[in-house]
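Okay, here's what each chain looks like letter by letter:
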Amino acid sequence: MKTFIIAAVSADGYIARDEKHAALWTGKEDKRRFVELTKRAGVVVMGSTTYTTLPRALKERVNIVYSKSKNYEGAEMTQKDPAELLRDLEARGFKEVAICGGSHIYTMFMKAKLVDTLYLTIEPIVFGKGIRLFNEEMVAHLKLVACGQTESGALLLEYSVDHSGTSK
Ligand SMILES: NC(=O)c1ccc[n+]([C@@H]2O[C@H](COP(=O)([O-])OP(=O)(O)OC[C@H]3O[C@@H](n4cnc5c(N)ncnc54)[C@H](OP(=O)(O)O)[C@@H]3O)[C@@H](O)[C@H]2O)c1
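Now for a look at the structure at hand. Sequence positions are assigned chain by chain, starting from 1 and proceeding in written order. Two thresholds apply to this predicted model, a pLDDT of at least 70 for residue-level local features and 80 or more for giving and counting side-chain atom pairs, whereas whole-chain, interface and lining totals are computed over all residues.

### A few points about the site of the ligand
Line of reasoning, step 1. Each residue gets a C-beta atom placed from its backbone. If that atom is within 6 Å of a molecule or strand, the residue is near it. Taken together, 28 residues surround the ligand, and among them Ala 16, Gly 47, Thr 50, Gly 101 and Gly 102 come closest.
Line of reasoning, step 2. The helix and strand labels rest on DSSP assignments: H or I over at least four residues marks a helix, E over at least two residues marks a strand, and numbering proceeds from the N terminus. Secondary structure elements with two or more residues in the shell around the ligand: strand S1 (2-10), strand S2 (14-16), strand S3 (43-47), helix H2 (48-51) and helix H4 (103-111).
Line of reasoning, step 3. In terms of residue count, the dominant contributor to the shell around the ligand is H4 (four residues).

### Description of the pairing of strand S9 (residues 141-149)
Line of reasoning, step 1. To sort residues by exposure, count the other C-beta atoms lying within 10 Å of each residue's C-beta; 20 or more gives buried, 12 or fewer gives exposed, and values between give partly exposed, all with C-beta atoms placed from the backbone. Burial runs low along S9: only zero of the nine residues are buried.
Line of reasoning, step 2. Only strands joined by at least two bridges in the DSSP assignment are considered to pair. Here S9 pairs with strand S10 (residues 155-162) via eight bridges, running antiparallel. Bridging across to S10, Gln 149 finds its partner in Leu 155.
Line of reasoning, step 3. Hairpin remark: S9 followed by S10, antiparallel, with five residues in the connecting loop; positive phi at Gly 153, about 95°.

### What about the sheet that holds S9?
What holds strands together in a sheet is hydrogen bonding between their backbones, with the strands either parallel or antiparallel.
Line of reasoning, step 1. An order of S5-S4-S3-S6-S1-S7-S10-S9 is seen for the eight strands of this open sheet, with the pairing classed as mixed. The strands lining the two open edges of the sheet, one partner per strand, are strand S5 (76-78) and S9. With strand direction ignored, the average angle separating the axes of adjacent strands in the sheet is 25°.
Line of reasoning, step 2. Note on contacts: residues are paired as contacts if their backbone-placed C-beta atoms lie within 7 Å. Each axis is a line fitted through C-alpha atoms, taken for helices only over the stretch in contact, and angles between the N-to-C directions span 0 to 180 degrees. Sheet strands touched by helix H1 (residues 28-41): S1, S3, strand S6 (96-99), strand S7 (117-123) and S10. Its angle to S6, the strand with the most contacts, is close to 140°.

### Some thoughts on unusual backbone geometry
Line of reasoning, step 1. Here the bond from Gly 101 into Gly 102 is cis, since omega is -5°, no more than 30 degrees from zero.
Line of reasoning, step 2. With respect to the helices and strands, Gly 102 occurs in the loop between S6 and H4.
Line of reasoning, step 3. You will see that Glu 60, though not glycine, has its phi angle at about 60°, which is positive.
Line of reasoning, step 4. Inspection of the secondary structure puts Glu 60 in the loop between H2 and strand S4 (62-66).
Line of reasoning, step 5. Phi at Lys 113 takes a positive value of approximately 55°, unusual for a residue other than glycine.
Line of reasoning, step 6. Topologically, Lys 113 is positioned in the loop between H4 and S7.

### Digging into the environment of Asn 71
Line of reasoning, step 1. Within the secondary structure, Asn 71 sits in the loop between S4 and S5.
Line of reasoning, step 2. Since 9 C-beta atoms lie within 10 Å of it, Asn 71 is described here as exposed.
Line of reasoning, step 3. Each C-alpha atom, one on Asn 71 and one on Ser 48, is 9.0 Å from the other, the two residues being 23 residues apart in sequence.

### Some points on the nonpolar core
Line of reasoning, step 1. Throughout this description, the term nonpolar core refers to a group of buried Ala, Val, Leu, Ile, Met, Phe, Trp, Tyr and Cys residues whose C-beta atoms join them within 7 Å. Counting 39 residues, the largest nonpolar core has Ile 5, Val 45, Ala 98 and Ile 99 as its most contacted members.
Line of reasoning, step 2. Here this core takes six residues from S1, the largest share from any one element.
Line of reasoning, step 3. With residues up to four places along the chain from it excluded, the contact list for Ala 98 reads Phe 4, Ile 6, Leu 37, Thr 38, Ala 41, Val 43, Val 44 and Val 45.

### Focus on H1
Line of reasoning, step 1. Counted at 1.5 Å a residue, the expected span for H1 with its 14 residues is 20 Å, and the 20 Å between its end C-alpha atoms agrees.
Line of reasoning, step 2. Among the residues of H1, Asp 30, Arg 33, Phe 34, Thr 38 and Ala 41 are the ones counted as buried. All buried residues of H1 lie within an arc of 115° about the axis, which places them on one face of the element. Exposed and oriented more than 90 degrees from the buried face of H1 are Lys 28, Arg 32, Glu 36 and Arg 40.
Line of reasoning, step 3. Trailing H1 by a residue or two, Gly 42 shows a phi angle of about 85°, which is positive. In this scheme, a helix's expected span is set at 1.5 Å multiplied by one less than its residue total. The arc in question is the one traced by the directions running from the helix axis out to the C-beta atoms.

### Description of the environment of Leu 144
Line of reasoning, step 1. Turning to its location among the elements, Leu 144 is positioned in strand S9.
Line of reasoning, step 2. Linking Leu 144 and Tyr 159, residues 15 residues apart in sequence, is a C-alpha distance of 4.5 Å.
Line of reasoning, step 3. Leu 144 has contacts with Leu 157 and Tyr 159, leaving out every residue within four places of it along the chain.

Printed below as a string of structure tokens:
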């Protein structure tokens, strides 16, 4: 089972200005990559705060939403430990899972050392303050696998997470 994080990040490291800030500020190349990679996986995992910024469930993908209390139409709700969720999805035949945020969910999967790849789009914008990609202390070593530039000046980065070393 391969697990990847996909996120658009401002040049100063934020994924949103606040909890209600939908990810509509990204360029068309980022949106295209998001659709392509998440459809390839067939399943997207996100937190309830992120899900409420969407107009509806992401079509042609199984939408899995973390919440302790809520229920949303079009989504499968979960509170499972990340490793258990991935085991269940693997048993259902998925080979790849897209972790789609926000900060809480990215952090939970990253700290559990279950992420193989990070697809980050660095957009040419700054927010000054807001919600960071990760919201807890961690150390993870990355290897740059691919780096592209879009016409609008965004960087399309692909990193693999190096699980061989120990955290320093
Ligand atoms: N730029 C990007 O690529 C990108 C991508 C995704 C999201 N975002 C932005 O990120 C922001 C939201 O991020 P966020 O960190 O505030 O919220 P989030 O990670 O989307 O969701 C947090 C919520 O998930 C639920 N949750 C978290 N851990 C759980 C667990 N172990 N078990 C059960 N439920 C759990 C809780 O929901 P309940 O309160 O319902 O229990 C919690 O309040 C939004 O502004 C969104 O637009 C940006």
